[in-house]
Amino acid sequence: MDMDAPEILVAGGGIGGLAAALALSRQGARVELIEQAPAFAEVGAGIQIGPNVTRILREWGLESEMRRVASFPDGLRARDARSGRELGHLPLGERAERLYGAPYACIHRADLHQLLLQAVQARGVPLHLNQRLAEVQPSEGQVQVRTEQELSRSPTLLVGADGLWSRSRQALGLNEPPRFSGHLAYRGLVPLAQPAAERQVTVWMGPRLHIVQYPVQAGRALNLVAIVHGELPANPQDWDHAAHAAHLFQALGPISRPLRQTLEAVPAWRLWALNDRPPLTSAAQMGQGAVALLGDAAHPMRPYLAQGAGMAIEDAWVLARCWSEKGSLAERVQRYAALRWPRNAQVQARAIRNGRIFHAHGPVSWGRNLAMGVLGAKVMDVPWLYKGLDSGSIPE
Ligand SMILES: Cc1cc2nc3c(=O)[nH]c(=O)nc-3n(C[C@H](O)[C@H](O)[C@H](O)COP(=O)(O)OP(=O)(O)OC[C@H]3O[C@@H](n4cnc5c(N)ncnc54)[C@H](O)[C@@H]3O)c2cc1C
């Protein structure tokens, strides 16, 4: 046996791939990672990470660094995008920590990515940039992997963390392309001279639109995402553009003055098309034999439950647990896939449903507003999600 060969090759160095490399190397596996890009980088936008995710970062020893760069909202506020009226409020902050044992955080993607990258580098995991996965051939006891740049490896396990347009999926016979959701996301970041006074996630809801705002970078910037309905772009694989504020305001139509003022402060917008896949229906879509999929490669979702990266991190945590258990490789991969697909499917479905609720108009929006006003936290909280996974949930 070649002791220099990796036992595990991770394809993709996004948040999911780095989380997998970290979790698996913490279990003692010999891991290598390939990334197609010439440098590790993440887009300039924020993400929310629930207690189900910050708990895992804590277990990986990343909590103090996360606390240095993240923001911790006191609550989540729903507002009507047209009138500006508050529709409902969910306290987070101390309540989330008390109920779920870990904080609710908002973090710049680059900061989370950097945190994971440093942890992976500190463990000495070999990282190969400029290597684009081209061929995957599962064979007896290993997988033959080759990149377009002629790097070849024969790991025991390939972890496909290569995102929305995953090449690894094809090794499982999954050849369907992702689907366009009909929604476009405008994203922007407003630098703040003073740390944000308002420590809230605010979701502005309106017919066929919603806008989410929250502080990131320890309150030194405000992250904004505006979602509107729009046309399928000509080349969705290459669709992250500088965008015109005028187009956004046209798509939004009439909005309340405070919302307009907040959006007008964004110095530059980027626009991209939101794609997803239908919720998973079987374990075989997450892993078989010597190939395990993770994150967007397996279950790209609409961002309306703010959990795409969160589920990738949960996948990584569970995969590492399964890797270290007894059984053949195929059994361990099967166990991982069986544990992960129902939760990911549930999150994918709930995200689609949230989009419908956020974008509702007419009687459906009246019902939504009434429910949020009367029941508040009861309809806005997601305990089954934030309670996360405990080791007890992994059956023997
Ligand atoms: C508008 C918006 C808001 C969001 N908000 C949130 C949020 O609040 N909370 C949250 O948890 N999630 C959020 N998400 C989702 C989250 O961004 C993704 O789910 C997450 O980044 C997926 O990570 P990943 O590592 O699986 O995939 P990716 O980030 O896509 O990483 C895949 C990596 O693989 C590389 N790669 C691709 N193909 C190959 C190949 N053939 N060979 C080698 N390398 C390859 C890519 O270059 C990339 O680095 C949001 C998404 C959007 C669009």
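The numbering scheme is per chain: residues are counted from 1 as the chain's sequence reads. Under the rules for a predicted model, residues below a pLDDT of 70 receive no local features and side-chain atom pairs below 80 are neither given nor counted, while totals for whole chains, interfaces and linings still include all residues. The side-chain figures draw on all heavy atoms in the structure; neither hydrogens nor water molecules are used.

## Focus on the sheet that holds strand E8 (residues 133–139)
Here comes step 1: If DSSP finds at least two bridges between two strands, the strands pair. The helix and strand labels rest on DSSP assignments: H or I over at least four residues marks a helix, E over at least two residues marks a strand, and numbering proceeds from the N terminus. Pairing is antiparallel across the open sheet formed by 3 strands, whose spatial order is E8-E9-E10. Both edges of this open sheet fall to E8 and strand E10 (152–153), since each of them pairs with a single strand only.
Here comes step 2: Of the pairings in the sheet, the one linking E8 to strand E9 (residues 142–147) comprises 6 bridges and is antiparallel in character. By the bridge assignment, Glu135 is partnered in E9 with Arg146.

## Brief notes about the nonpolar core
Here comes step 1: To qualify as a nonpolar core, a set must consist of buried Ala, Val, Leu, Ile, Met, Phe, Trp, Tyr and Cys residues joined through side-chain atoms within 4.5 Å. To sort residues, take the accessible area from a 1.4 Å probe on protein chains only and compare it with the maximum for the residue type: under 20% means buried, over 50% means exposed, and anything in between is partly exposed. Ile8, Leu24, Ile49, Trp60, Leu112, Leu116 and Val159 are the most contacted members of the largest nonpolar core, which totals 72 residues.
Here comes step 2: Top element by residues in this core is helix H8 (residues 308–323). It accounts for 9 residues.
Here comes step 3: Residue contacts are defined here by distance: any two heavy atoms, one from each residue, within 4.5 Å place the two residues in contact. Look past the residues within four positions of Leu116 in its chain and what remains in contact with it is Ile15, Leu18, Ala19, Leu22, Leu57, Trp60 and Leu62.
Here comes step 4: Listed in part, the 32 residues of the second largest apolar core include Leu87, Ala221, Leu274 and Val382.

## Considerations on the confidence of the model for the protein chain
Here comes step 1: One confidence number per residue, pLDDT, is output by the predictor and ranges from 0 to 100. Taken as a whole, the protein chain shows an average pLDDT of 93; of its residues, 96% reach a score of 70 or greater.
Here comes step 2: With pLDDT under 50 throughout, residues 391–396 is counted as low confidence; its partners more than four residues away or in other chains account for 11 contacts.

## Side note on the site of the ligand
Here comes step 1: The environment of the ligand is formed by 28 residues, the closest being Gly16, Glu35, Gln48, Arg109 and Asp296.
Here comes step 2: At 2.4 Å from an oxygen atom of the ligand is found a side-chain nitrogen or oxygen belonging to Arg109.
Here comes step 3: Between Leu133 and the ligand, the recorded distance is 2.8 Å, taken from a backbone N or O atom to a nitrogen atom.
Here comes step 4: The fraction of the free accessible surface of the ligand (1000 Å²) that becomes covered by protein chains is 87%.
Here comes step 5: Those elements that place two or more of their residues in the shell around the ligand are helix H1 (15–26), strand E3 (46–49), strand E17 (269–276) and H8.
Here comes step 6: Grouping the amino acids of the shell around the ligand by side-chain chemistry returns 9 nonpolar, 13 polar and 6 charged. Residues are labelled near a given molecule or strand when at least one of their non-hydrogen atoms is within 4 Å of it. Throughout this description, a polar contact denotes any pair of N or O atoms lying within 3.5 Å of each other; where both atoms belong to protein, one of them has to be capable of donating a hydrogen while the other can accept it, and for residues adjacent in sequence the pair is counted only when both atoms sit in side chains. Residue-level accessible areas treat just the shown protein chains as cover; the underlying method is Shrake-Rupley with a 1.4 Å probe. Ten residue types, Ala, Val, Leu, Ile, Met, Phe, Trp, Tyr, Cys and Pro, are classed as nonpolar, four, Asp, Glu, Lys and Arg, as charged, and the remainder, Gly among them, as polar.

## Overview of unusual backbone geometry
Here comes step 1: At Glu150, a position not held by glycine, the phi torsion is positive, near 75°.
Here comes step 2: Positionally, Glu150 belongs in the loop between E9 and E10.
Here comes step 3: Owing to a relative accessible area of 57%, Glu150 belongs among the exposed residues under this scheme.
Here comes step 4: In this model, Gln217 sits at a positive phi of 50°, which is unusual for a non-glycine residue.
Here comes step 5: Along the chain, the position of Gln217 falls in the loop between strand E14 (209–216) and strand E15 (221–229).

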